[in-house]
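# Residue-level structural notes
Here is how the chains run, residue by residue.
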Amino acid sequence: GRFYAVDNVLFCREGEHVTLVWYPGGLQNREYAVPEGVTKIGRSAITNTNLRSFTLPESLQEIGYVAFDGTYNLTEITIPSGVSEIDLAAFVYCGLQNIYVEAENPYYTSVNGVLFTKDMSLLHTYPGRKEGSGEYTVPDGVTDVTSTVMSLSYIRKLNLPASVERLCAAGT
């Protein structure tokens, strides 16, 4: 691949795919918009930043493992319609309170700021800093729940419907 930097942010182009490889933690920006044309946020790409706003482009297709590690000031994010793959551990160790998904996305959806697959079979991510009563009831029909739901959030009590069959390990 071919590496290049724009405004001190490192990218890699491989054919038609462009990956945001590294957003330096030392940048003092409070907001950042990923350039259109970027198709992937790489593994641990955005770590220990002061970002409060992070805008994802419509061209984005994939969000990698622990992509937002240590972004504790980032409280919400919106997943664009073209994203088809989000690592189960993409949003661990960050300050998200809400994850939103554009309605046109055929792969993912958000219910009250909680990320699910579009068919509602997988509770993908319960934001780690989502405020509430400390109790969450998984919607009926969900069959899979990620293991990060309780360990990395304010949830103290998780109510599971009879439809839940599996606890999925994140980061595998």
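Residues numbered from 1 in each chain as written. Predicted model: local features only at pLDDT ≥ 70, side-chain atom pairs only at ≥ 80, totals over all residues. Heavy atoms only, no water.

In terms of helices and strands, the chain carries one helix and 17 strands. For the chain, the C-alpha radius of gyration of 16 Å lies close to 16 Å, the compact-globule estimate for 172 residues. The principal-axis extent of the C-alpha atoms belonging to the chain is close to 50 × 30 × 30 Å. Evaluated residue by residue, the chain yields a buried proportion of 47% over its 172 residues. Restricting to contacts in the chain with at least 6 residues of sequence separation, those with at least 24 account for 24%. Side chains of the chain give 12 positive and 19 negative charges; the mean places of these two sets differ by 7 Å. (Helix = DSSP H or I, 4+ residues; strand = E, 2+ residues; numbered from the N terminus. Rg over C-alpha atoms; globule rule 2.2 N^0.38 Å. Buried < 20%, exposed > 50% of the residue type's maximum accessible area, 1.4 Å probe, protein only. Contact = heavy atoms within 4.5 Å. Lys, Arg positive; Asp, Glu negative; His and termini not counted. Charge placed at Lys NZ, Arg CZ, Asp CG, Glu CD.)

It is worth spelling out unusual backbone geometry at this point. With glycine set apart, most residues show a phi of negative sign, and most peptide bonds adopt trans. Even without being a glycine, Tyr93 presents a positive backbone phi close to 60°. Overall, Tyr93 belongs to the partly exposed group, its relative accessible area being 45%. In this model, Met120 sits at a positive phi of 60°, which is unusual for a non-glycine residue. Within the secondary structure, Met120 sits in the loop between β12 (114-117) and β13 (122-125).

Attention now goes to the sheet that holds strand β15 (residues 144-146). With respect to topology, five strands assemble into an open sheet ordered β11-β12-β13-β15-β17, the strand pairing being mixed. The strands lining the two open edges of the sheet, one partner per strand, are β11 (108-111) and β17 (166-168). The sheet shows a mean angle of 30° between the axes of neighbouring strands, taken without regard to direction. Examined bridge by bridge, β13 and β15 share two bridges and lie parallel to one another. (Pairing = 2+ DSSP bridges. Axes fitted to C-alpha atoms, helices over the stretch in contact; angles between N-to-C directions.)

On inspection of all chains with the given rule, the structure shows three salt bridges. The partner of Lys40 in a salt bridge is Glu62, with the nearest N and O atoms 3.5 Å apart. In this pair, Lys40 sits in strand β5 (residues 40-41) while Glu62 sits in strand β7 (residues 62-63), placing the two residues 22 residues apart along the sequence. Using a relative accessible area of 23% as the deciding quantity, one classes Glu62 as partly exposed. Between Glu165 and Arg166 there is a salt bridge, and its shortest N-O distance comes to 3.1 Å. For Glu165, a relative accessible area of 57% puts it in the exposed group. (Salt bridge = Lys/Arg side-chain N within 4 Å of Asp/Glu carboxyl O.)

The pairing of strands in a sheet comes from backbone hydrogen bonds and takes either a parallel or an antiparallel form. Read across the sheet, six strands follow the order β1-β2-β3-β5-β7-β9 without closing on themselves; strand pairing throughout is mixed. With partners counted over all chains shown, the strands left at the sheet margins are β1 (2-6) and β9 (85-86), one partner each. Here two bridges tie β5 to β7, and the two strands are oriented parallel to one another. Looking at β7, one finds that Lys40 is bridged to Glu62.

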